[in-house]
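Below, each chain spelled out in residue letters.
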Amino acid sequence: MSKSEQLFSKAIEYLPGGVSRNTIFRKPHPYYADKGEGCYVTDVEGVTRIDFANNMASLIHGHAYAPIVEAVSAQLTKGSCFTMATESEIDFAELLCKRVPSFDKIRFVNSGTEAVMAMLKASRAYTGKAKIAKVEGAYHGAYDYAEVSQTANPSNWGDVDKPNSTPVAVGTPEKALEDVVIIPFNDVERAINILDQHKDEIACILVDLLPHRVGLIPASDEFVCALRKWADDNASLLVFDEVITFRTNYAGAQQNYSVDPDLTAMGKMIGGGFPTGAFAGCDRVMKVLDPTEPKVLLPHSGTFSANPVTMTAGYIAMRDFDQEAVNKLNALAAYAREEITKVINEVGIGACVTGAGTMFRVHLKAQPPKNYREAYMDKAESKLISELLDHLFDNGVMMINTCSATLSTAMTIKEIDHLVATLKGGFEMLLPKMNK
Ligand SMILES: Cc1ncc(COP(=O)(O)O)c(C=O)c1O
């Protein structure tokens, strides 16, 4: 038995299915990490791979980034959490608010799920309305309302003019489904038509500007502007989920658009490798949290929120992901997308690559998908993607399980060239199966 097999046989005695999060499950068993250094991870068998998954997009400087290790170690000797505020949260709040024009105030939480949840609740508290609107197929974490329709499939997604609100988990309250309005991505006419059927009811429209499950294609400026206008005309809010996309530009993906959101949720990267989340926005709305107000519209706390370990790590991660680092990493990702497109053409396989900023996703589709329904993978495509991922993994490349990659500042052209060459081998392996 390999070390991973041994660990897994013990894990299944205590953890459901042997895992603490389904994302890392692999058949016949997950692989166990021993250590990470920069953009490389070594598993307990001693095999080292390039890490393009970066703990699901959360490590912007790769593993064991020396300035974070040093600062966090110093903080740990002084304590990790207190029933008091710390200076570190003020410094980090200042850094992020000065970075993004739409942030007047920010509140820290402990995960992206919690950030999106609190952002939706703040929208409800501010508007006094219950419903939220979200894009079909988009992933926003595990809050009942935020996850509606995330796993919609052809048997239940319904008419594109009025997509169904489908549950992810068995037992999701019917009321939660009724309170979530689903709109198609980048389809202004249909989206506005659907929203118009819920005038006066919608607290906010929740948008990820580069939604991974929807195909990792950017929201069009036209779509975002139309949603902004609808929100303004209907006393609703426009809120962005930048839990992942904050890594795509200096002030997040919102920097690329001509309108601002009222609120933004963040997570992942801004924790510098530690669990975190945050939501931020204009004073007018963030006031719902203010404990100095005569009536607090959204009472909100969290035991580990803004703990000084995360604040210290996050501050350094973001300080060092400055404009120059953002430009350099985005250029490296653009190079990767170009090189992958070249090998797709050389091999002559029906595949394409989507993405923006520091990320990309490989699809086994000849044309880039335009929305969730087009990005959806049937069983045959999922099987081929799994084979491609296994090929990459066996040849030293770790990707996210949709065949997506997120870069870290620890990477260079050398790692990209290895990925591209390995992908080429994978495409050649798949080609005869795809032509069948
Ligand atoms: C866009 C988006 N929103 C929210 C979340 C939830 O974040 P977390 O896993 O930290 O709860 C994720 C996680 O992958 C995400 O990708």
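Residues numbered from 1 in each chain as written. Predicted model: local features only at pLDDT ≥ 70, side-chain atom pairs only at ≥ 80, totals over all residues. Heavy atoms only, no water.

## Structural notes on the packing of aromatic side chains
Applying the stated criterion to the full structure yields nine aromatic pairs. Look at Y372 and Y376: their rings are 6.2 Å apart centre to centre, the planes differ by 75°, and that puts the pair in the edge-to-face class. By relative accessible area, Y372 is classed as buried at 4%. Relative accessible area serves as the criterion here: at 27%, Y376 is assigned to the partly exposed category. One aromatic cluster is present, formed by W157, Y372 and Y376 through successive ring pairs. It is R26 that lies over the ring of F393; its NZ or CZ is 4.0 Å from the centre. Above the plane of the ring of Y145 lies R124, whose end atom (NZ or CZ) is 4.4 Å from the centre. (Phe/Tyr/Trp six-rings, centres within 6.5 Å; stacked < 30°, edge-to-face > 60°. Buried < 20%, exposed > 50% of the residue type's maximum accessible area, 1.4 Å probe, protein only. Lys NZ or Arg CZ within 6 Å of the ring centre and 35° of its normal.)

## Digging into the pattern of salt bridges
Tallying each qualifying case throughout the model produces 21 salt bridges. Here D187 and R190 are joined by a salt bridge, their closest N and O atoms 2.8 Å apart. Beyond isolated ion pairs, a larger network of salt bridges with shared partners links R228, D232, D262 and R284. (Salt bridge = Lys/Arg side-chain N within 4 Å of Asp/Glu carboxyl O.)

## Thoughts on the site of the ligand
In the vicinity of the ligand, the contacting residues are S111, G112, T113, Y139, H140, G141, D208, D241, V243, I244 and K268. In this structure, an oxygen atom belonging to the ligand sits 2.7 Å away from a side-chain N or O atom of K268. When the free accessible area of the ligand is taken as 390 Å², the share hidden by the protein chains comes to 82%. Residue classes in the shell around the ligand are distributed as three nonpolar, five polar and three charged. (Near = heavy atom within 4 Å. Polar contact = N/O pair within 3.5 Å; in protein donor to acceptor, adjacent residues only side chain to side chain. Areas by Shrake-Rupley, 256 points an atom, 1.4 Å probe, with all protein chains shown as cover. Nonpolar A, V, L, I, M, F, W, Y, C, P; charged D, E, K, R; others polar.)

## Description of the environment of T151
Along the chain, T151 turns up in the loop between β5 (131–135) and α6 (174–178). A sequence separation of 166 residues divides T151 from A317, and the C-alpha atoms of the two residues are 32 Å apart. Apart from the residues within four sequence positions on either side, T151 is in contact with P167, V168, R213 and Y372. (Helix = DSSP H or I, 4+ residues; strand = E, 2+ residues; numbered from the N terminus. Contact = heavy atoms within 4.5 Å.)

## Observations concerning the nonpolar core
Of all hydrophobic cores here, the largest spans 59 residues; its most connected members are F52 and F427. When residues of this core are traced back to their parent elements, those giving at least two are α4 (87–99), β4 (105–109), β10 (277–281), α10 (308–320), α11 (323–347), β12 (359–363), α13 (379–394) and α14 (413–434). Counting residues per element, this core draws most heavily on α11, which supplies ten residues. F427 has contacts with V343, I344, V347, I349, A351, V362, L364 and L388, leaving out every residue within four places of it along the chain. Formed by 31 residues, the second largest nonpolar core is a distinct cluster that contains F185, A191, I192 and I217. (Core = buried A, V, L, I, M, F, W, Y, C linked by side-chain atoms within 4.5 Å.)

## Quick notes on the side chain of D187
Along the chain, D187 turns up in the loop between β6 (180–183) and α7 (188–196). Polar contacts involving the side chain of D187 include one to the side chain of R190, which spans 2.8 Å.

## Some remarks on the sheet that holds strand β1 (residues 33–37)
Reading across from one edge, β1-β2-β3-β13 is the order of the four strands in this open sheet, with mixed pairing throughout. Across the chains shown, the open sheet's two edge strands, defined by having one partner strand only, are β1 and β13 (397–398). Relative to strand β2 (residues 40–43), β1 runs antiparallel, the two being bridged by four bridges. Opposite G36, over in β2, you have V41 as the bridge partner. (Pairing = 2+ DSSP bridges.)

## With respect to the packing of α13 against α14
Running from N to C, α13 and α14 point in directions that differ by 145°, and their axes come no closer than 9 Å. Judged by the sense of rotation from one axis to the other, the crossing of α13 with α14 is right-handed. The residues of α14 that touch α13, namely those facing L384, E387, L388, H391 and L392, are L419, T422, L423, G425, G426, F427, M429, L430, K433 and M434. Taken together, the residues that form the contact of α13 with α14 break down as nine nonpolar, four polar and two charged. (Axes fitted to C-alpha atoms, helices over the stretch in contact; angles between N-to-C directions. Left-handed = near helix turned anticlockwise from the far one by under 90°.)

## Quick look at the domain arrangement of the chain
For the chain, the assigned domains are domain 1 (31–60 + 322–434) and domain 2 (66–320). On a C-alpha basis, the centroid separation for the pair domain 1 and domain 2 is 26 Å. In this assembly, domain 1 and domain 2 are joined by one salt bridge. Run the count over domain 1 and domain 2 and you get 19 residue pairs in polar contact (both at pLDDT 80 or more). Going through the elements one at a time, α2 (54–57), α11, β12, α12 (372–375) and β14 (404–406) are the ones with two or more residues in the side of domain 1 that touches domain 2. Partitioning the side of domain 1 that touches domain 2 into residue classes produces 15 nonpolar, twelve polar and four charged. (Domains from an automatic or database assignment.)

## Quick notes on the sheet that holds strand β11 (residues 352–354)
The strand order β11-β12-β14 describes an open sheet built from three strands, whose pairing is antiparallel. Two strands in the sheet have a free side with no partner beyond their single neighbour: β11 and β14. Between one strand axis and the next, the sheet turns by 20° as a mean value, whatever way the strands run. When β11 meets β12, the two strands line up antiparallel, connected through three bridges. Each bridged residue has a counterpart across the sheet, and for C352 the counterpart in β12 is H363.

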